[in-house]
Every structure is written in structure tokens, then in C-alpha cells.
Amino acid sequence: MWIVADARIRRRRRQRGGPDAWSRPTSSKLRDYPMPLYDGDLEAGDGMPESVGRLGFRMRDHEGLLLACPEYNSSITPLLKNTIDWLSRPVDGAAPLAAFRGKVAGLLAASPGGLGGLRGLVHVRAILSGIGVHVIPTQVAVPKSHEAFDDDGVRDERLAGRLDALAAELVRTTARLGSG
Ligand SMILES: Cc1cc2nc3c(=O)[nH]c(=O)nc-3n(C[C@H](O)[C@H](O)[C@H](O)COP(=O)(O)O)c2cc1C
């Protein structure tokens, strides 16, 4: 499952190392799953937003996740953190943390800045590891993202190779460790 953890779509670019390398990939954009800011009183009063159930259901149906994560102020974006917070809440009839536990994840970031969102991935990795996700060691952060892609995809062959390697390692590790 390929999750674009970004609310905006206008700068989306094709990634050679992404879904093409997967056997049965699906793609989800978090903008298609709008959720209010997590609030325990809201949850107690209104229950789960339907978007949480929809995304949780999709995630439970996949063993491997490739997350494309923007970085805000050297960390995880509020959109991705809020989504993880909602999805971590218990759902009737499902095992605790069913959307996460035992999944395998690969992390990818791209930013116009010089570090490519690398610092945010440190936090995404820690949060996912804390809720039972196996995050693979390889990750890719793409600096100067406005120069890195064109309409045909990735411009630099070395970067394309690193993205391919990330996807391949994710597929391999998922086959070995995936929750089934
Ligand atoms: C509030 C805010 C904070 C940001 N902080 C960083 C940052 O720390 N490092 C970085 O590389 N880019 C940073 N950026 C740039 C984002 O990485 C860039 O805008 C990226 O495309 C995010 O996509 P989005 O604005 O569509 O969510 C920041 C952008 C915003 C709006």
C-alpha cells in the first residue's frame, strides 16, 4: 500500500521505486480521508469518523506500507500524526492496533530543502516502531524536490536506483515478516 501522507496533490510526481515494484499495490492519499483533530471527547460523543474506519480497513488488508512523508519544522506533519492517532484507537471487533501491528513500512520524504525531509523521518520511524510496525532500515529523502522530478518521473538515475532499492527491500522484508 502506497500512502501519500500529504494533503496537497499539485506537486505529486511519479516515483519509479513506488508501486511499480509491488505485486498488488494500492495507493491512498490522506486528503481522501479527512479527519478532525483527535479529541477524546469527540470520539466518546460521536464515535470514529467514517474516514478512520475506511482507511483502517484498507490498511488491515495490506502487509506492507510505503509512506511518502513531508516534513514540517524538522518533524512529522500534523496531518500524518493525527491520522496515526485516530487509527491507533481501538475498533470494535478488531485486535488492538490492527492497522499497524506486524506491518512492514518503508519511508520516503521529498522536500524543496537541502535535507529532503530526513529529520521528519526520524520521528515517523519512532512513532511507527512504537505501535508495532517493522520500519525497514533503508529510507530515501529527496532534497531539492522541485528539481528532482520531471513529467517522466525521477531525473537522476542514482536517485531512481535508490528508490528502486527501497521498494525492493520493502517487498522482500514484507514477504519475510509480514503479518499475513
Ligand atoms: C509549516 C511548514 C513547515 C515546513 N518545515 C519544513 C522543514 O522543516 N523541512 C523541510 O525540508 N521542509 C519544510 N517545509 C516544506 C515542506 O517540506 C514542503 O512544503 C512540502 O512540500 C510539504 O508539502 P505540503 O505543504 O503540501 O504539506 C515546511 C512547510 C510548511 C508549510
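Residues numbered from 1 in each chain as written. Predicted model: local features only at pLDDT ≥ 70, side-chain atom pairs only at ≥ 80, totals over all residues.

Asker: Help me out: how do you make sense of the overall build of the protein in this one?
Answerer: What the protein contains, in helices and strands, is six helices and seven strands. In the protein, the succession of helices and strands from N to C terminus is β-β-α-α-β-α-β-α-β-α-β-β-α. A burial count over the protein gives 36% of its 180 residues as buried. (Helix = DSSP H or I, 4+ residues; strand = E, 2+ residues; numbered from the N terminus. Buried ≥ 20, exposed ≤ 12 C-beta atoms within 10 Å, placed from the backbone.)

Asker: Explanation requested: helix α6 (residues 157-177) in the structure shown.
Answerer: Because each turn of an α-helix spans 3.6 residues, side chains separated by three or four positions in sequence point in the same direction. For α6, spanning 21 residues, the distance from its first C-alpha to its last is 30 Å, which sits close to the expected 30 Å at 1.5 Å a residue. The complete set of buried residues in α6 reads Arg162, Leu163, Leu166, Ala167, Leu170, Thr173 and Thr174. All buried residues of α6 lie within an arc of 135° about the axis, which places them on one face of the element. Those residues of α6 that are exposed and aimed more than 90 degrees away from the buried face are Glu157, Arg158, Ala175 and Arg176. (Expected span 1.5 Å × (residues − 1). Arc of directions from axis to C-beta.)

Asker: In this structure, what is going on with helix α2 (residues 50-60)? I would like to understand it.
Answerer: The complete set of buried residues in α2 reads Val52, Leu55 and Gly56. The buried residues of α2 occupy an angular sector of 100° when the element is viewed end-on, so they sit on one face. Among the structural elements, β2 (27-29) and α3 (78-87) are those in contact with the buried residues of α2. (Contact = placed C-beta atoms within 7 Å.)

Asker: Just checking my understanding: could you explain unusual backbone geometry for this structure?
Answerer: Residues apart from glycine generally show negative phi values, whereas peptide bonds are mostly found in trans. The backbone phi angle of Ser74 is positive, close to 70°, even though this residue is not glycine. With respect to the helices and strands, Ser74 occurs in the loop between β3 (64-68) and α3. Despite not being glycine, Lys144 has its phi angle at roughly 45°, a positive value. We classify Lys144 as exposed; it has 12 C-beta atoms within 10 Å.

Asker: What am I meant to see in the confidence of the model for the protein here?
Answerer: Low-pLDDT stretches of the model should not have their predicted coordinates read in fine detail. Within the protein, residue pLDDT values average 87, and 85% of them lie at 70 or more. The secondary structure element of the protein with the lowest average pLDDT is strand β1 (residues 2-4), at 65, and the one with the highest is helix α4 (residues 118-130), at 98. Residue range residues 8-21 is modelled with pLDDT below 50. Its contacts to residues more than four positions away, or to other chains, number 27 contacts. (pLDDT = per-residue confidence, 0-100.)

Asker: Looking at this model, I keep getting lost on the pairing of β3. Mind explaining?
Answerer: For a regular strand, side chains alternate in direction, first toward one face of the sheet and then toward the other. With respect to burial, β3 is a largely interior element, five of its five residues being buried. Neither face of β3 is open: one carries Gly64, Leu66 and Ala68, the other Leu65 and Leu67, and all of them are buried. Alignment of β3 against strand β4 (residues 104-110), held across five bridges, turns out to be parallel. When the sheet's bridge partners are listed, Leu67 is paired in β4 with Leu107. Taken together, β3, α3 and β4 constitute a β-α-β crossover, and its handedness is right-handed. (Pairing = 2+ DSSP bridges. Right-handed = clockwise from strand over helix to strand, strands pointing away.)

Asker: Looking at this structure, I do not really get the nonpolar core. What am I missing?
Answerer: One finds Leu67, Cys69, Ala105, Leu107, Leu108, Ala109 and Val124 to be the most contacted residues of the largest nonpolar core, which totals 39 residues. When contributions to this core are tallied by element, the ones reaching two or more residues are α2, β3, α3, β4, α4, β5 (134-142) and α6. Ranked by the residues each element gives to this core, the list is headed by β4, at six residues. For Leu107, the residues in contact, after removing those within four places along its chain, are Leu67, Cys69, Leu121, Val124, Arg125, Val135 and Gln139. (Core = buried A, V, L, I, M, F, W, Y, C linked by C-beta atoms within 7 Å.)

Asker: Would you mind showing me how to read the environment of Glu71 here?
Answerer: Counting through the fold element by element, Glu71 comes out in the loop between β3 and α3. For Glu71, a count of 23 C-beta atoms within 10 Å translates into the label buried. Once you skip the residues sitting within four places of it in the chain, Glu71 turns out to touch Ala109, Ser111, Gly117, Arg119 and Gly120.

Asker: Help me out: how do you make sense of the environment of Leu30 in this one?
Answerer: On the secondary structure map, Leu30 appears in the loop between β2 and α1 (40-46). Each C-alpha atom, one on Leu30 and one on Leu55, is 8.8 Å from the other, the two residues being 25 residues apart in sequence.

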